[in-house]
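Chain and residue survey
Residue-level listing of the chains:
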Amino acid sequence: MTHLTPDFLHHVQLLENTLGDPTDASNTIHFARSVALDETQQFPEEYISYLTHIGYFRYFVPQELGGQLGEFSELLLMCRALSRRDLTAAIATGQTMLGALPIWLCANQTQKKQLAKHILEGHLGCLALTEKRHGSNLLASEVSATPCTDGYLLNGEKWLINNATEGHTMTILVRKYDSNQRESLAVFLLDKTQLTDYEAIEKINTHGIRCADISGVRFNNTKVPKSALIETNEPGMYGVLKALQISRILCAGFSLGAFDTCLRLTYDFAKSRALYQKTVLDMPTVKQGLGRSFAKLIVAEMVSLASSKAISYASKSLSVYSACCKYWVPKTTELAIDELKVILGARYYLREEYQAGIFQKMQRDNAVVSLFDGSSQLNLGLISSQTNAIAAKLLAQVELHQDLELWFSLDTTKPVANLDSHDLSINNMGNDPVLSSFLAITEQLHEHTVTASLAQQFAVLKQQILSWCDCVQTLQHSEQNEPTSIARFAITKQYTQLFAASCCALFIVYNPEHPLLSNNTIAEDLLQVTLNDSDLFEPSEALLHTLNTQHQTQAIYSLLNF
């Protein structure tokens, strides 16, 4: 389905340049307009039209269908570029991609071409899964599809669906009945412009992304053609679960964009605000807070990139890695933004005074990321159900992933493996190539490969992983071995931290010439803030200098060269 466009970063940079400075009111998408729309809860139609005009929707459609969807890391970073300007528009367009993923993975060519045409014309879409009575329990879905002449009759209600009203297309999970009243969960692709006898549920007011079309749909004997059914050799639910494995990773782009903007605004304020005959930035605690936030943003980017490349390199393990990314990245950004608002002081709370009040909007909007595509609790549950198998396999044998260097290289011109959708699985069978590869590497590293202090941090991480495995195995023999127990959830949260630290370590190992990661003090800072985030963390001068340099040159806060 995907292959790498040579140096995909070029397309991301082109989007950045086209969108322009979000503080400049002469650009189509800018902070003041986004806040004004938010105040009136007005859907950003002009933003969507503009994004269609500049070709943003092409990156949601595979190249073989006339689009430019290539490596998923590219789409992640493009989502980040838009999100740092306006999360409502980013999430509305991202929901279109979410609705498309089950089609790209499971549908026939006719259905794919039908949806591709809609998206390339800039029409929004959605994935309709949740129902008011059942929340995220998709197996309990009640919306029904019963056979009739030349098609099916839909009945029931989908609720809390982004783009349910504004979208032209809807990918929907239903309980399908056959002529013998046997039931199964199935997926339909609906072209709403061709439907009658359905009712749009009015917009639901929310605390964040207030302009978004969070609404629903009610069906009353709504007739849909047989061609709307997505027919596969697997249960229809599997296609949804596999699509969510990809979309959960792409959601990290929303959080990275919001975090980037909040850090940028806070750093700007700290440099310009004079207090007690010095700038706020001169205060040690402020330097510490900004440096720690920058380090967390870089590690969050590492986790996001590693997870997005895992779609190609470790697709069989996505059931765990996508849930890790979806839990850890939004949680980390939410906590970091909470710390930044302390530095910003009263201005974070004002709705107009500082950059039109965009900080507070970003904070509210970012909070929704940990809710959709599976809440934090749901994602922890997905991981928890597989920790026993992961621990057992890590203790039995560790080995290097065959494409580990390509996977963790930051060279965006290197080829990336194609995604075979048949490799996606709803269970990773205990395979954890990230932690396994890190443990294998620690057995091969020599003193001259990394500094003594880095080697010590690697040793700490190794010991933490092995201790975690022991704890998991011990827990199996206790009364709290249920996947949803308090003890299992606590140990699952530890796993997400170990995954993040292992990603960080592997990026350090496989990018020895990188301008940031080759600096040992910066590498040590990144590992330290991941392994042992503490109020006593002191960012190095090298890390603070990098933050200042990227800020002064108006670069994206990143390991990549924007």
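Residues numbered from 1 in each chain as written. Predicted model: local features only at pLDDT ≥ 70, side-chain atom pairs only at ≥ 80, totals over all residues. Heavy atoms only, no water.

One pass over the full model with this rule turns up 16 aromatic pairs. Measuring from ring centre to ring centre gives 6.1 Å for Phe 269 and Tyr 354, while their planes differ by 70 degrees; the resulting arrangement is edge-to-face. Here Tyr 354 lies in the loop between α10 (318-344) and α11 (358-366) and Phe 269 lies in helix α8 (residues 252-272), a separation of 85 residues in the sequence. With a centroid separation of 5.7 Å and an interplanar angle of 75 degrees, the aromatic rings of Phe 438 and Phe 458 are classed as edge-to-face. (Phe/Tyr/Trp six-rings, centres within 6.5 Å; stacked < 30°, edge-to-face > 60°. Helix = DSSP H or I, 4+ residues; strand = E, 2+ residues; numbered from the N terminus.)

With that settled, the discussion passes to the confidence of the model for the chain. Residue-level pLDDT values for the chain average 93, and 98% of them are 70 or greater. Of all helices and strands in the chain, the one with the weakest mean pLDDT is strand β9 (residues 274-275) (74), whereas helix α3 (residues 45-53) scores best (98). Contacts of residues 1-6 to residues separated by more than four positions or lying in other chains number 25 contacts, the stretch itself having pLDDT below 50. (pLDDT = per-residue confidence, 0-100. Contact = heavy atoms within 4.5 Å.)

Now for the environment of Arg 182. Residue position: Arg 182 is located in the loop between β4 (169-177) and β5 (183-191). Expressed as a C-alpha distance, the spacing of Arg 182 and Ile 383, which sit 201 residues apart in the sequence, is 32 Å.

Right, let's talk about the pattern of salt bridges for a bit. Enumeration according to the criterion identifies 26 salt bridges in this entry. Among the ionic pairs, Arg 351 bridges to Glu 39, the shortest N-O distance being 2.6 Å. Within this pair, whereas Arg 351 is found in the loop between α10 and α11, its partner Glu 39 is found in helix α2 (residues 31-40), the two being separated by 312 residues in sequence. Classification of Arg 351 as partly exposed rests on a relative accessible area of 46%. Judged by its relative accessible area of 36%, Glu 39 is partly exposed. In this structure, Lys 361 and Asp 365 form a salt bridge, with 2.5 Å as the shortest nitrogen-oxygen distance. Of the two residues, Lys 361 and Asp 365 are both situated in helix α11; the distance of 4 residues between them amounts to about one turn of the helix. For Lys 361, a relative accessible area of 3% translates into the label buried. With a relative accessible area of 0%, Asp 365 lands in the buried category. (Salt bridge = Lys/Arg side-chain N within 4 Å of Asp/Glu carboxyl O. Buried < 20%, exposed > 50% of the residue type's maximum accessible area, 1.4 Å probe, protein only.)

So, on to the side chain of Ser 141. By the element assignment, Ser 141 lies in the loop between β1 (125-128) and β2 (144-148). A distance of 2.6 Å separates the side chain of Ser 141 from the backbone oxygen of Leu 138, its partner in a polar contact. Those residues within four positions of Ser 141 in sequence are excluded, and the remaining contacts are Leu 129, Glu 131, Lys 158, Leu 173, Arg 175 and Leu 185. (Polar contact = N/O pair within 3.5 Å; in protein donor to acceptor, adjacent residues only side chain to side chain.)

Glancing now at the environment of Thr 28. Within the element layout of this structure, Thr 28 appears in the loop between α1 (9-19) and α2. Sequence separation of Thr 28 and Leu 51 is 23 residues, and the distance between their C-alpha atoms is 9.7 Å. Apart from residues lying up to four places away in sequence, Thr 28 is in contact with Arg 33, Glu 46, Tyr 47 and Tyr 50.

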